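Letter by letter, the chains look like this.
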Amino acid sequence: MTLDHDEHQVRTTEHEAQANLKAVLQLCAAGRLRCSEKTLRPSAATVKAVVEVLSGGDFYAEESIASFAWPLLLQAGGLAELASGKLTLTARGRAALTKPAHDTLALLWRRWLSHGVIDEFSRVEAIKGQRAANVLTAVKPRRAQVGAALAACAPGEWTDVDTLFRTMRKAGHDPRIARTERALWKLYLEDPEYGSLGYDGFHDWELLQGRYTLAVLFEYGAVLGLIDVDYRPPVGARDDYRDNWGADWTDCISRYDGLLALRLNPLGAYATGQTATYLPTPAPADTAPKSTGGLKVLPNHDLVALDGLTPAETLLLDAFAERTGDRVWTLTPASLLAAADTGRDLAELRRHLEAAAGPLPQTVTTLLDDATRRVGQVRDTGPVHLIECADPAVAALLATDRRTRAHCTRLGERHLAVPLDKLPAFRRSALAQGYPVG
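Read on for an overview of the structure. Keep in mind that this is a model prediction, so the values were computed, not measured.

1. Some points on the overall build of the protein
- A tally of helices and strands in the protein yields 16 helices and 13 strands.
- Judged by the C-alpha coordinates and their principal axes, the protein covers about 85 × 60 × 40 Å.
- Within the protein, residue pairs in contact and separated by at least 24 positions form 69% of the contacts whose partners lie at least 6 positions apart.
- Accessible surface computed for the protein: about 21000 Å², of which carbon and sulfur atoms make up 52%.
- Taken as two groups, the 50 positive and 54 negative side-chain charges of the protein have centres that lie 10 Å from each other.

See below:
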């Protein structure tokens, strides 16, 4: 989606965020999300993969907002964890695949306020000097101020951002950026001397606290579906920095400058605690759940998409079945067991097929039942230490003595298997019997 320079768009986010959550969780389950081990930020390939599954795309074609935020939100919410540069779903993340999306989105907002994994102000790249020591305030109190300001908004009412800024200042919601007046001199536009924000009139509230507020609300509040947004391209959207030195070479201060107004929607009212239950607005046609019959399950194990599938549904079928045509997937024992081997739950597929297509053919039920029976027949119980004894008598003694038998399993005549977490206790018990483990 590309906006002309003076064009603006109103975007309702409540339902698209719920679709996007499912799609991004499926991407993560498929092992397609990678982030930096050092910064936790998504790679360029990950941003590209996410934007391809977003309902309606990102807010701007040339700027990453939602596609950048989603991998960070999964980490902050404990839905995914980073291992060797790749995000993998946690138990909480796997559960979120089948839980109501609105509850997970509300959780992610609360978790971001308390456990956000980056400083959102770092995304305001035009303001330099942020990495200098003792310049920026702690980020968690700043987030709390923005969260409190959002929670004070009246549901269903549009508020332009400058009115929001004035309301925040009046209410004392001040996400202060610089630690001290001295720290302000280290922040600058273009040139650290001439463009320093320490000069009088060069560090107005809108420039620092305002830009931080826009970053939190646009990149996380809107992405999570809490606020509907009225926005335009950022270039030329705000002129509150034009008197600063270096402004002539700066098209905009941030990618969030184009946010013009916001409206707290029912999901936002629920996530911020204004309402105890979530009462959704009617879903737009392009984000409404597909009616049953959109997916047909055939007795020969084929899955046929009669209507367009959501990105989340497509990723789900790709995970459990072999794609044999543009709109056709085939379930096979190998495809089901391969999915289970990567940690996918066959019950997730069964629930989706029954919800989308109704009662399943007996042949498909049998196939799923057989695969389910095979899962769990062989279990990885974790790493163990192999303890070798000099003779069978010592092995028998340690395997049967009440002090050591709870910590080991006998393997053959002269060997014992000791789980990694039980090794210290086994060593102490064996030593007490006069057998130090070498």
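2. Some thoughts on the packing of aromatic side chains
- Counted by the stated rule, this structure contains 13 aromatic pairs.
- Three or more aromatic residues joined by ring pairs make a cluster, and in this case those are Phe59, Tyr60, Phe218, Tyr231 and Tyr256.
- Cation over ring: Arg11 sits above Phe59, and NZ or CZ is 4.8 Å from the ring centre.
- For Arg123, the ring lying beneath its charged end belongs to Phe68, and the centroid distance is 3.6 Å.

3. Some thoughts on the packing of helix α13 (residues 346-357) against helix α14 (residues 362-374)
- Contact geometry of α13 with α14 gives a least axis separation of 10 Å together with a crossing angle of 165°. Between α13 and α14, the interaxial angle falls into the category roughly antiparallel. Handedness of the α13/α14 crossing: left-handed. Contacts between α13 and α14 involve Leu346, Leu349 and Arg350 on the former and, on the latter, Thr365, Leu368, Asp369, Ala371 and Thr372.
- Partitioned by chemical class, the residues of the contact of α13 with α14 number four nonpolar, two polar and two charged.

4. Description of the sheet that holds strand β1 (residues 9-11)
- Spatial ordering of the open sheet is given by β1-β5-β6-β4, a layout of four strands whose pairing is antiparallel. Looking along the sheet, the strands with just one partner apiece sit at the ends: β1 and β4 (158-160). With strand direction ignored, the average angle separating the axes of adjacent strands in the sheet is 20°.
- Across the sheet, helix α9 (residues 206-221) touches β5 (227-231) and β6 (259-264), and the angle it forms with β5 is around 115°.

5. Quick look at a nonpolar patch on the surface
- On the surface, Tyr194, Trp245 and Trp249 cluster together into a nonpolar patch covering about 390 Å² of accessible area.
- Here Tyr194 lies in the loop between α8 (181-184) and α9.
- Overall, the relative accessible area of 49% leaves Tyr194 in the partly exposed class.

6. Section: empty space enclosed by the protein
- Evaluation of the coordinates by the stated rule reveals one cavity of 30 Å³ or more.
- Looking at the largest cavity, its volume works out to about 50 Å³.
- What lines the largest cavity is Arg11, Thr13, Glu16, Ala17, Asn20, Gly57, Phe59, Ala66, Ala222 and Val223.
- Sort the elements by how many residues they give to the lining of the largest cavity and helix α1 (residues 14-29) lands first, with three residues.
- Looking at the lining of the largest cavity residue by residue, the classes come out as five nonpolar, three polar and two charged.

Parameters at a glance
Residues numbered from 1 in each chain as written. Predicted model: local features only at pLDDT ≥ 70, side-chain atom pairs only at ≥ 80, totals over all residues. Heavy atoms only, no water. Helix = DSSP H or I, 4+ residues; strand = E, 2+ residues; numbered from the N terminus. Contact = heavy atoms within 4.5 Å. Areas by Shrake-Rupley, 256 points an atom, 1.4 Å probe, with all protein chains shown as cover. Lys, Arg positive; Asp, Glu negative; His and termini not counted. Charge placed at Lys NZ, Arg CZ, Asp CG, Glu CD. Phe/Tyr/Trp six-rings, centres within 6.5 Å; stacked < 30°, edge-to-face > 60°. Lys NZ or Arg CZ within 6 Å of the ring centre and 35° of its normal. Axes fitted to C-alpha atoms, helices over the stretch in contact; angles between N-to-C directions. Parallel < 35°, antiparallel > 145°, perpendicular 65-115°, else oblique. Left-handed = near helix turned anticlockwise from the far one by under 90°. Nonpolar A, V, L, I, M, F, W, Y, C, P; charged D, E, K, R; others polar. Pairing = 2+ DSSP bridges. Patch = residues over 30% accessible without salt bridge, like charges linked within 9 Å, V, L, I, M, F, W, Y side chains within 5 Å. Salt bridge = Lys/Arg side-chain N within 4 Å of Asp/Glu carboxyl O. Buried < 20%, exposed > 50% of the residue type's maximum accessible area, 1.4 Å probe, protein only. 1 Å grid on protein atoms, 1.4 Å probe; cavity = no way out; pocket = protein on both sides within 12 Å on 5 of 7 lines; lining within 4 Å. Points joined across faces, edges and corners; volume = space filled by probe spheres on them.

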